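# Structural features, examined
Each chain is listed here by its residues.
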Amino acid sequence: MNAASTSGVIELPEDKARAFVESFDLTRLTRDFLDDPFPRYHALRRFAPVKRLPDGSVFLSRYADIQLCYRDARMSSDKKVEFGPKFGVGSPLYRHHTTSLVFNDPPLHTRVRKLLAAAFTPRALKALEPRVAAIVEQLLDQAADARRMDVIEDFGFALPVEVICDMLGVPRAERGPFRRYSLAILGALEPVISAEKQRIGDDAVAEFSAYLDDLITERRKRPADDNDVLGTLIHGEVDGERLTHEELVQNCIFLLNAGHETTTNLIGNTLDALLRFPDQLARLQADPTLIRSCVEEGLRFESSNQLGNRRLTADAEIGGERLAAGTYIHIGIGAANRDPAEFPEPDRFDAGRTPNRHVAFGAGVHMCLGATLARMEGTIALDRFVRRFPAYRRDGDFVRGGRARFRGFAKYPVAW
């Protein structure tokens, strides 16, 4: 049984903690870890904060070490070395994940990010707020009479997909397969995948790419429009260069996948946390102005993205250990966000926590481009949900997503 220390950290008994750290291997994760990794992150931070894994890679769990990784120019995000053997060079998954924004270094990363950034300016996002609020109200209206909903499928997923699809001009009737595509493509980023999951992921990229080929071809026929994200990506230039067709396709897939994953998990994880910490739900209901800090706490407490990766391009010292050039580093985002050295009582959900310098969206040049949009969606969605259904409760068993990299629920039924 896990025990809470005086510092508000829920820990494994010492013998179990040491045994876990000794055997820890990202390629052999247990159900216990996937269900609740946080006591295990504490064990790693206590006994092996720079944990060398059997394949030669290193797992980091301290906040300070992870901040260093995000800001050190010797840390490469390019994943061709890793994804070639994993997916097969030239496979659909390889093409997608080595072309999308997140797994590239400058200058490609810089060019793509500058073009995508036009869709996420404060002005563009402010203009989106009424549409986000309207979608939220529509989804809540649909559930109100039934007095129950699955907050993942009916709310957490539906909202961001509608928003991103609106931004890209995807017709409403054609959005059905996107959840399946996204789960298959992002699921392939788990530390280990089966041949079947790779096949499903490859098929999803191929189908999604074919769909976007047609959408982009049709959109090219019209001139640029300031209110049209896809048109901006097609016609926009950085230093006289435009995105190639392949870059366009793969980064549209990236936007649709990344654009919903964070928000879906943020909504589900935070609604779950508020039920587990009813004093904080009551606190939020008594003071709705806490909603923004509550969203930040949701991002910290159960970060949607638990893992990041970098490869060292030169020798470096991290956490007092010398690591050689070429070392592959696993950035424990979820671990950093529960580090008691940075967050007092890290295993307690605190709706008013301040300061709250979490790394749920990364940091440095790879800071999540859609962070402001995810925060806006999460703030509107959670605020209106809690106001309309203040007595919501779990209505049956939930189903965890079962992934190490992306933490969330596959199913979470509630009623009121």
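This text follows the structure it describes.
Residues numbered from 1 in each chain as written. Predicted model: local features only at pLDDT ≥ 70, side-chain atom pairs only at ≥ 80, totals over all residues. Heavy atoms only, no water.

### A few points about the overall build of the protein chain
- When you go through the protein chain residue by residue, the secondary structure sums to 18 helices and 14 strands.
- Here the protein chain has a C-alpha radius of gyration of 21 Å; the compact-globule value for 416 residues is 22 Å, and the two agree.
- Partitioning the contacts of the protein chain with sequence separation of at least 6, the portion at a separation of at least 24 is 72%.
- Carbon and sulfur atoms provide 53% of the accessible area of the protein chain, an area that totals close to 17,600 Å². (Helix = DSSP H or I, 4+ residues; strand = E, 2+ residues; numbered from the N terminus. Rg over C-alpha atoms; globule rule 2.2 N^0.38 Å. Contact = heavy atoms within 4.5 Å. Areas by Shrake-Rupley, 256 points an atom, 1.4 Å probe, with all protein chains shown as cover.)

### Topic: unusual backbone geometry
- The amide bond that connects P106 to the next residue, P107, takes the cis arrangement and shows omega of 10°.
- One can find P107 in the loop between helix 6 (92-97) and helix 7 (108-117).
- Here the amide bond leading from T354 into P355 is cis, since omega sits at -5°, within 30 degrees of zero.
- Among the structural elements, P355 can be located in the loop between helix 17 (333-336) and helix 18 (371-388).
- Its identity is not glycine, yet R147 carries a phi of approximately 60°, on the positive side.
- Among the structural elements, R147 can be located in the loop between helix 8 (122-144) and strand 6 (148-150).
- Positioned with a positive phi, E345 is a non-glycine residue whose angle comes to about 45°.
- Looking at the secondary structure, you find E345 in the loop between helix 17 and helix 18.
- Judged by relative accessible area, which is 36%, E345 ranks as partly exposed. (Buried < 20%, exposed > 50% of the residue type's maximum accessible area, 1.4 Å probe, protein only.)

### Regarding the sheet that holds strand 10 (residues 328-332)
- The strand order across the open sheet formed by 5 strands is 3-4-10-7-5, and the pairing between neighbours is mixed. Either end of the sheet is taken by a strand with one partner, and the two such strands are strand 3 (50-52) and strand 5 (75-76).
- Of the pairings in the sheet, the one linking strand 4 (residues 58-60) to strand 10 comprises 3 bridges and is parallel in character. Within strand 10, the residue paired with F59 across the bridge is H330. (Pairing = 2+ DSSP bridges.)

### So, helix 7
- All of the buried residues along helix 7 are H109, R111, V112, R113, L115 and L116.
- Close packing links the buried residues of helix 7 with helix 13 (229-235) and helix 14 (245-276).

### Looking at the environment of G396
- Locating G396 in the fold gives a position in the loop between strand 11 (393-394) and strand 12 (399-400).
- Exposure remark for G396: the relative accessible area of 41% places this residue in the partly exposed category.
- Considering only alpha carbons, one finds G396 and A415, 19 residues apart in sequence, at a separation of 9.2 Å.

### Observations concerning the pattern of salt bridges
- A full pass over the atoms with the stated rule returns 40 salt bridges.
- Between D78 and K80 there is a salt bridge, with the nearest N and O atoms lying 2.9 Å from each other.
- Judged by its relative accessible area of 23%, D78 is partly exposed.
- Residues R348 and D350 are paired through a salt bridge, measuring 3.6 Å at the closest nitrogen-oxygen approach.
- The partly exposed category is assigned to R348, whose relative accessible area is 28%.
- One continuous salt-bridge network, built from bridges that share partners, spans R131, E162, D166, R172 and R175. (Salt bridge = Lys/Arg side-chain N within 4 Å of Asp/Glu carboxyl O.)

### Quick look at the packing of aromatic side chains
- For the structure shown, the criterion picks out 25 aromatic pairs.
- Ring centres of F33 and Y41 lie 5.8 Å apart, and the angle between their planes is 85°; this geometry places the pair in the edge-to-face category. Here the two residues F33 and Y41 agree in accessibility, since each one is buried.
- Plain terms: the ring middles of F389 and W416 are 3.9 Å apart, the flat faces sit at 15° to each other, and that makes the pair stacked. (Phe/Tyr/Trp six-rings, centres within 6.5 Å; stacked < 30°, edge-to-face > 60°.)

### A look at the packing of helix 14 against helix 18
- It is at 10 Å that the axes of helix 14 and helix 18 come closest, and there the two elements cross at 35°. Handedness of the crossing formed by helix 14 with helix 18: right-handed. Taking contact as the criterion, the partners of G259, T262, T263, L266, I267, T270, L271 and L274 in helix 14 are, on helix 18, A374, E377, G378, A381, L382, F385 and V386.
- Across the contact of helix 14 with helix 18, the residue classes tally to 9 nonpolar, 5 polar and 1 charged. (Axes fitted to C-alpha atoms, helices over the stretch in contact; angles between N-to-C directions. Left-handed = near helix turned anticlockwise from the far one by under 90°. Nonpolar A, V, L, I, M, F, W, Y, C, P; charged D, E, K, R; others polar.)

### Here we look at the pairing of strand 7 (residues 307-312)
- With 5 of 6 residues buried, strand 7 is to be regarded as a mostly interior element.
- Looking at chain direction, strand 5 and strand 7 are connected through 2 bridges and run antiparallel. The residue of strand 7 that forms the bridge with M75 is L312.
- Across 5 bridges, the pairing between strand 7 and strand 10 is antiparallel. In the strand pairing of strand 10, R311 is matched with Y328.

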